[in-house]
Number of protein chains: 2
Amino acid sequence: MRSSESSAPPLTPALAGAPKIGLDVGGSLAKVVFSSTGETHNQSEGLSPPDDHLELDLGDGRTLRFIHFQTKQMGDLITFLRDVVGVRPGQALEVTGGGAFKYQDLLSKKLGVQIHKNDEMQSLMNGLSFLIRQHSHSTRRMQGSETSASSSRGFGSRGRPATDSIVFRFDVTSRTRVPVDLEENVYPLLVVNIGSGVSILKATAPDKFLRVTGTCIGGGTVLGLARLLFNASSFEEVVRLSEKGEDVLDLKVRDLFGERSGSRVLPGDTLASSFGKIYALNTCVSATELRGSLRKEDIARSLIHMVSYNLGYIAYLIGSVHRVRRVFFAGKYINDRPLTMQSITEGVNFYARHYAEAWHRAAQPHDRARAQAEPHAENRPAPTALSPPAASATRQHEAQEGHDASTEGSPTMGTAADLADDLGSPPEPFDVLFLRHDGYLGCLGACGII
Amino acid sequence: MRSSESSAPPLTPALAGAPKIGLDVGGSLAKVVFSSTGETHNQSEGLSPPDDHLELDLGDGRTLRFIHFQTKQMGDLITFLRDVVGVRPGQALEVTGGGAFKYQDLLSKKLGVQIHKNDEMQSLMNGLSFLIRQHSHSTRRMQGSETSASSSRGFGSRGRPATDSIVFRFDVTSRTRVPVDLEENVYPLLVVNIGSGVSILKATAPDKFLRVTGTCIGGGTVLGLARLLFNASSFEEVVRLSEKGEDVLDLKVRDLFGERSGSRVLPGDTLASSFGKIYALNTCVSATELRGSLRKEDIARSLIHMVSYNLGYIAYLIGSVHRVRRVFFAGKYINDRPLTMQSITEGVNFYARHYAEAWHRAAQPHDRARAQAEPHAENRPAPTALSPPAASATRQHEAQEGHDASTEGSPTMGTAADLADDLGSPPEPFDVLFLRHDGYLGCLGACGII
């Protein structure tokens, strides 16, 4: 949908010597980056369309091109590598991802190449470092050509078309990409790479990183359930559908507390349970009829929200444990789509905001004094650090008011101060960043860009 | 399936005065506890069967009885309260959960009662405190009557039938409940209450607690998806089915890396992506045919594993942020079923074990020295704190071995020591506890047990 960038000013040369090729063969998708000097598009007819809008001009007549295939269609990938990229027998092929092992024999047999296996996490980090450098070079060049170059804003838009920025935030209010000026030192940072599974890395320098953990609810979960529920054939289809969906299948606070009361304890539209409303729907029909009565757009939306919010929360918690406040979300799950970036950013912010609010409440004695002056205020929720997805009803039992959980200032009740003690220091804002080439970090790293 | 406990020795009296009734009306289920002096079972014919095996003898001729209804069948609940429990007009009814708001008008109109709303979190904590006290009394009484009473083991089985223990661990190897002797002071602790949604509390004393957070992937998600996928009619049905299922729908490490290579980097059966294997299944059939070819037992198992592992991990992270190492899992999601307790315990242990291993590796310099002596060892995974669900391929690229991520001792690479620094202190074992009355904490607390 976006126009090709091949006419944009060249970026800093980062590749030297022969044409570069990098493969990242994951559980669902095989990603390819390759450098070329000419127009190759016509030769790829009948295969996956390349991601033209991602092309990077290397400034020496070569362009980095990007394309992905379904891993289960390795034949297409092999044809593409031979006929379009021009891979020849005897050549070395840089491969990362689990497929570097699983398809080693197939690739070397069909193409006659020597497979170089590249560590998945190292490739991811190399790809990220390359993109951060390209972003900084590009930002400085843009600033040099702008009259507003003397501005010293730390972060913020520079008036560049947002879709061109290599690194950006996603503004959940305007629902737009916001280019960022990265600080000189962006470390420490987390990388949450969302493919079929999820890997989470902490890096304190480009070459100093640790894979902290992974989790099993990722892109493969969305795709698997979407295939079962409405015969989705690709992840892109799920995300496209989800952008037209509504969250009618999720249980909200108002569904638990009733329309009248919801607003007194929590915003009624707070998400309580993904897919939690289905059980309350028509019980007289079969699952087949029920599925037939639901819009696949709505199912897709609930799937994306479920996974994104969960990952946002896990990233927030890992950031708290490991004292990192900047996180790059990457992987083909995100795919530069507004809804995935929106829901992930909201997921992180939901928790970050409320931890921060709890901290600042605890740090302001007058709030506490005011709370103590109103011990019998009705309908105040139990002390809670976060606007909870599953909300607390408010005790209204007169006879037990001495134990009333709504009395935030009560000496026996937990308050935000306890939370603040646990956190150790005031929570800083959490910086959630995305990359235009989000799905291609691994193969960029594998192709030899250091 | 288990026999009634009504003939067991009476527990410590904890209720005084009139018959007690507590209701907890959640998003999917309405739970009821009530005290009675006689046999009431015959009168509940045609309604939900009561949870007879949970009955608690109060030692004064009264017995606490437990029963649950589907929230969408409030008529059954109202009939039961009037005809079996004997609720009369003018009486006060203690209610907690979102339904205390949502169904306030319905309940007071149909039964002519006055609704006392009880804070959900306070009720949960009161119910937990009551059960912990009952467990301790019961344990001491059992010890007094045993010849092995002089044993001073801190935790462990006392030879009591495991199914009778109010508080217990679940041993994932023998797949059995293990009764525990709780320490005098069990605080601080986390409570992860899994209903339709999930609430997570931190308590530093019975009456000092804070709702830390919630998350949207809980029982409602399992039930909603199970209804859509194979027409499940209750959560109990899903769990029963899941216990006969196999994990054939989940993407494992061996699916990513291939059978031959999987074992070199990670155990091949490590979970990489819940439902992640579906996408690789037969692509020529429709979703309807595909669903028809799958066993609902296997779908149920993947659903339970997905939610349990995720909650186990989130509990582990919250425990790390808030410096708590003991967690009670409760809520009707668990329902005292082996598979839910197994998968939750495994979920916590998976991460706790590997964080602990990383710490101890970092604390043993000879391991580090040995790693440095083998910088060119082949097939060693990238430094990783955890056996990752999505695994790291191993770099085998000779030309770049200087940057080889497999060199754990390399001065530029992150090591377990970084992780240890972040954690601040050696990770202690994580104590995962369950309660026989897991779904009834809220209504136990609401019924006036302090």
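In the block above lies the structure referred to throughout.
So, here's what we can say about the structure. It should be emphasised that the depicted structure is a prediction, and the values quoted were computed from it without experimental measurement.

## What about the state of the cysteines?
Between two cysteines, a covalent bond joining their sulfur atoms is known as a disulfide.
Residues and elements named next belong to chain B.
Argument step 1. As enumerated under the stated definition, the model contains 0 disulfides over all chains in all.
Argument step 2. The cysteine C447 is free of any disulfide, with C443 supplying the nearest cysteine sulfur at 7.5 Å.
Argument step 3. By relative accessible area, which is 4% here, C447 ends up buried.

## Description of the sheet that holds strand β11 (residues 208-215) of chain B
Backbone hydrogen bonds hold the strands of a sheet together, and the pairing may be parallel or antiparallel.
Residues and elements named next belong to chain B.
Argument step 1. Sheet architecture is open: 7 strands sit in the order β8-β7-β15-β14-β9-β10-β11, paired in mixed fashion. The strands lining the two open edges of the sheet, one partner per strand, are β8 (176-179) and β11. Ignoring strand direction, the axes of neighbouring strands in this sheet form an average angle of 35 degrees.
Argument step 2. As paired strands, strand β10 (residues 198-205) and β11 are joined by 7 bridges and run antiparallel to one another. Paired with K202 across the two strands is L210, which belongs to β11.
Argument step 3. Packed on one face of the sheet, helix α10 (residues 296-321) meets β9 (189-194), β10, β11 and β14 (326-330) and runs near 155 degrees to β9.

## Let's talk about the pairing of strand β14 (residues 326-330) of chain A
Residues and elements named next belong to chain A.
Argument step 1. When you tally the buried positions in β14, you get 5 out of 5 residues, the bulk of the element.
Argument step 2. Side chains of β14 alternate between two faces, with R326, F328 and A330 and V327 and F329 buried alike.
Argument step 3. Two elements, β14 and strand β15 (residues 431-435), share 4 bridges in a ladder whose sense is parallel. Along β15, the bridge assignment pairs F329 with F434.

## Looking at the side chain of A:K31
All names here are of chain A.
Argument step 1. Considering the arrangement of structural elements, one finds K31 in strand β2 (residues 29-36).
Argument step 2. Within the buried core, K31 has no salt-bridge partner, and the shortest N-O distance to an opposite charge, that of D24, equals 4.1 Å.
Argument step 3. In this structure the side chain of K31 is engaged in a polar contact, spanning 3.3 Å, whose partner is the backbone oxygen of L29.
Argument step 4. Not counting chain neighbours up to four residues away, the residues in contact with K31 comprise G22, L23, D24, G26, I67, H68, K332, G439, Y440 and C443.

## Focus: helix α6 (residues 235-242) of chain B
Argument step 1. Burial analysis of α6(B) places 6 of its 8 residues in the buried class, the great majority of the element.
Argument step 2. Looking only at α6(B), the buried set comprises B:F235, B:E237, B:V238, B:V239, B:L241 and B:S242.

## Some words on the packing of helix α6 (residues 235-242) of chain A against helix α10 (residues 296-321) of chain A
All names here are of chain A.
Argument step 1. Orientation of α6 relative to α10, taken along the N-to-C sense of each, is 105 degrees, at an axis distance of 7 Å. Taken as axis vectors, α6 and α10 run roughly perpendicular relative to one another. Residues F235, V238, V239, L241 and S242 of α6 touch α10, and the partners they reach there are K296, E297, A300, R301 and I304.
Argument step 2. Residue composition of the contact of α6 with α10, grouped by class: 6 nonpolar, 1 polar and 3 charged.

## Details of helix α4 (residues 120-144) of chain A
Argument step 1. Here α4(A) is 25 residues long and its end C-alpha atoms lie 36 Å apart, about the 36 Å a rise of 1.5 Å per residue gives.
Argument step 2. With a side-chain oxygen positioned 3.0 Å from the backbone nitrogen of A:M121, the residue opening α4(A) is A:D119.

## A few points about the sheet that holds strand β1 (residues 21-25) of chain A
Residue and element names in this part refer to chain A.
Argument step 1. If you trace the 6 strands from one edge of the open sheet to the other, you get β3-β4-β2-β1-β5-β6, paired in mixed fashion. Looking at strand neighbours, the two that pair on one side only are β3 (56-57) and β6 (114-118), the edges of this open sheet.
Argument step 2. The pairing of β3 with strand β4 (residues 63-70) spans 2 bridges and is antiparallel. If you follow D57 over to β4, its bridge partner there is T63.

## Observations concerning the packing of helix α5 (residues 219-230) of chain A against α6(A)
All names here are of chain A.
Argument step 1. Between α5 and α6, the shortest axis-to-axis distance is 9 Å and the interhelical angle comes to 75 degrees. The orientation of α5 with respect to α6, classified from their angle, is roughly perpendicular. From α5, G219, V222, L223, A226 and F230 reach across to α6, where they touch F235, V238 and L241.
Argument step 2. In terms of residue class, the contact of α5 with α6 is built from 7 nonpolar, 1 polar and no charged.

Criteria and thresholds
- Residues numbered from 1 in each chain as written.
- Chains lettered and ligands numbered in written order.
- Predicted model: local features only at pLDDT ≥ 70, side-chain atom pairs only at ≥ 80, totals over all residues.
- Heavy atoms only, no water.
- Disulfide = S-S within 2.5 Å.
- Buried < 20%, exposed > 50% of the residue type's maximum accessible area, 1.4 Å probe, protein only.
- Pairing = 2+ DSSP bridges.
- Helix = DSSP H or I, 4+ residues; strand = E, 2+ residues; numbered from the N terminus.
- Axes fitted to C-alpha atoms, helices over the stretch in contact; angles between N-to-C directions.
- Contact = heavy atoms within 4.5 Å.
- Lys, Arg positive; Asp, Glu negative; His and termini not counted.
- Salt bridge = Lys/Arg side-chain N within 4 Å of Asp/Glu carboxyl O.
- Polar contact = N/O pair within 3.5 Å; in protein donor to acceptor, adjacent residues only side chain to side chain.
- Parallel < 35°, antiparallel > 145°, perpendicular 65-115°, else oblique.
- Nonpolar A, V, L, I, M, F, W, Y, C, P; charged D, E, K, R; others polar.
- Expected span 1.5 Å × (residues − 1).

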